[in-house]
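# Structure assessment
These are the residues of each chain, in order.
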Amino acid sequence: ILALSPLAAQAQDAATTSSAASPAAIDPIRLEAARAVVEKVFPAGSYGRMMEQAMGGATQMALDSVGKMPLRDLAGMGGLSQDKLQGMGEGTLAEIMAIYDPAYQQRMQRTMQVMGTEMSALFTQFEPAMRDGLQQAYAKRFSTAQLVEINRFFKTEAGAAFGEQALMIWMDPDVMKSMQTAMPAIMKAMPEIMQ
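Residues numbered from 1 in each chain as written. Predicted model: local features only at pLDDT ≥ 70, side-chain atom pairs only at ≥ 80, totals over all residues. Heavy atoms only, no water.

## Here's the deal with the packing of helix H2 (residues 28-41) against helix H8 (residues 144-154)
Taken N-terminus to C-terminus, the directions of H2 and H8 make an angle of 30 degrees; their axes are 9 Å apart at the nearest point. The angle between H2 and H8 places the two elements in the roughly parallel class. Here H2 runs over H8; the crossing is left-handed. Taken together, the residues of H8 that come into contact with H2 (itself represented by Ile29, Arg30, Ala33, Ala34, Ala36, Val37, Lys40 and Val41) are Thr144, Leu147, Ile150, Asn151 and Phe154. Grouping the constituent residues of the contact of H2 with H8 by class yields 9 nonpolar, 2 polar and 2 charged. (Axes fitted to C-alpha atoms, helices over the stretch in contact; angles between N-to-C directions. Helix = DSSP H or I, 4+ residues; strand = E, 2+ residues; numbered from the N terminus. Parallel < 35°, antiparallel > 145°, perpendicular 65-115°, else oblique. Left-handed = near helix turned anticlockwise from the far one by under 90°. Contact = heavy atoms within 4.5 Å. Nonpolar A, V, L, I, M, F, W, Y, C, P; charged D, E, K, R; others polar.)

In structure tokens:
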């Protein structure tokens, strides 16, 4: 969620900017070629599946990573002064929560399961608008000839397999694990970034 929030802000800025200027009409043939690409790289139901996986494995990995950080580091990110941080020990958030709330891990796992299911249903409602936006974006970035060539690739066995997995691969456990290794550094840098 932390990693995506700047992207959401940029998307909002871009949407505001693009709605202020009247966009040039896109050639219908080019738009149709873009629609065919979107159908391959963003198959129906992708958003829901992606949210379920994100709220499950990805979020759990992020929580685990933060849980391993010393509470002192987290408090420092929250703005606690160096004087107050000096007296804090090396206890991690996970260790403290195990004492304070023994059911914390179970509650968080159940919360992520429910959030995944509910967010999946919610994001499935947004999928048609997202597909329309992607269609416009592909049509703007690629020529009709390029889109036709991309669609030709998707008609091959390798292209069909790639299209089916292109979006979902970002939720793969190996990708999530590699992203998880960056979390402590991101969290440590956050106070300075916020300043």
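## What about the pattern of salt bridges?
Applying the stated rule across the entire model yields 5 salt bridges. Across the pair Arg131 and Glu127 runs a salt bridge whose closest N-O atoms are separated by 3.8 Å. Placement of both Arg131 and Glu127 in helix H7 (residues 104-141) is noted, with a separation of 4 residues, approximately one turn of the helix. Arg152 is paired through a salt bridge with Glu149; the nearest N and O atoms lie 2.5 Å apart. (Salt bridge = Lys/Arg side-chain N within 4 Å of Asp/Glu carboxyl O.)

## Examining the layout of surface pockets
Approximately 170 Å³ is the volume attributed to the second largest pocket. Considering the residues around the second largest pocket, the lining is formed by Arg72, Asp73, Gly76, Met77, Gln82, Leu85, Lys188 and Pro191. Counting residues per element, the ones that place at least two in the lining of the second largest pocket are helix H4 (71-77), helix H5 (82-86) and helix H11 (183-194). Sorting elements by how many residues they give to the lining of the second largest pocket places H4 first, with 4 residues. By residue class, the composition of the lining of the second largest pocket is 3 nonpolar, 2 polar and 3 charged. (1 Å grid on protein atoms, 1.4 Å probe; cavity = no way out; pocket = protein on both sides within 12 Å on 5 of 7 lines; lining within 4 Å. Points joined across faces, edges and corners; volume = space filled by probe spheres on them.)

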